[in-house]
Amino acid sequence: MEFFCYHRDRPGSGTLRRELLEQHWSYMDGYAEELIARGPTLTGDRDAPTGSVHIIDLPDAAAARAFAFAEPGYQAGMYRDVLLRRWSNTLGRTMWDFPGGRTGGNRYLVLGLGSGPAVDLAVPADREDGLIAYGPLLSDDGTAWLGTAALLRASDPETAGAVLTRERYADIEVHDWQFGGRPS
């Protein structure tokens, strides 16, 4: 089962984040085979992290909760909240398989929080070359559509947000994002 996990930083937690970086990376190293995508969200100037995104394939919801809440930053009180939802890997690949590579262009997390009938279930054909990860957010049992999460390369936040059908969502968030993991 695939899960989308977004830890949002608590304001003023930058020093704690820097102190815990090696512990965070070591923790994620233990999930290297299960990770589909990972990386920090950033301030608009891309100068500082604002959260951490992890898309991961785990056996069940209990394993996903254990992953999300045992993370060192969560344990230390670094995050203000955690969004954890079932997710479906519509692209069928990991971020490391993205043909556009790790660098170049602006990268974004787009979160559409659902309202009403499911929408944007298929990969948007006109945006396919910029999509890094894409899929619906689902209820714990996988039966109810709750929204859509995408990681993508786009020229600007407005273009990134347009990957979703705006009028079909209660809210759409667009966050600057970058590929995560240990520097090579």
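Remember, it's a predicted structure, so these values are computed and weren't measured experimentally. (Residues numbered from 1 in each chain as written. Predicted model: local features only at pLDDT ≥ 70, side-chain atom pairs only at ≥ 80, totals over all residues. Heavy atoms only, no water.)

**Considering the packing of aromatic side chains**
Per the stated rule, a full pass over the model turns up six aromatic pairs. Between Phe-69 and Tyr-74, the aromatic rings sit 4.9 Å apart at their centres with planes inclined by 65 degrees, giving edge-to-face as the arrangement. Its relative accessible area of 30% is what places Phe-69 among the partly exposed residues. Between the aromatic rings of Trp-177 and Phe-179, the centroid separation amounts to 5.4 Å while the plane-to-plane angle is 45 degrees, which identifies the pairing as tilted. Note on accessibility: Trp-177 and Phe-179 belong to one class, buried. (Phe/Tyr/Trp six-rings, centres within 6.5 Å; stacked < 30°, edge-to-face > 60°. Buried < 20%, exposed > 50% of the residue type's maximum accessible area, 1.4 Å probe, protein only.)

**Points about the pattern of salt bridges**
Inspection of every chain in the model, using the stated rule, returns seven salt bridges. Residues Arg-46 and Asp-176 are paired through a salt bridge, measuring 3.1 Å at the closest nitrogen-oxygen approach. Placement of Arg-46 in the loop between strand 2 (35-42) and strand 3 (49-57) and of Asp-176 in strand 8 (residues 169-177) is noted, with a sequence separation of 130 residues between them. One salt bridge in this structure joins Asp-81 and Arg-80, with 3.2 Å as the shortest N-O distance. (Salt bridge = Lys/Arg side-chain N within 4 Å of Asp/Glu carboxyl O. Helix = DSSP H or I, 4+ residues; strand = E, 2+ residues; numbered from the N terminus.)

**Considerations on the pairing of strand 8**
Pairing geometry for strand 2 and strand 8, over two bridges, is antiparallel. By the bridge assignment for strand 8, Thr-41 is matched with Trp-177. Pairing geometry for strand 5 (residues 106-114) and strand 8, over seven bridges, is antiparallel. Opposite Val-110, over in strand 8, you have Val-174 as the bridge partner. (Pairing = 2+ DSSP bridges.)

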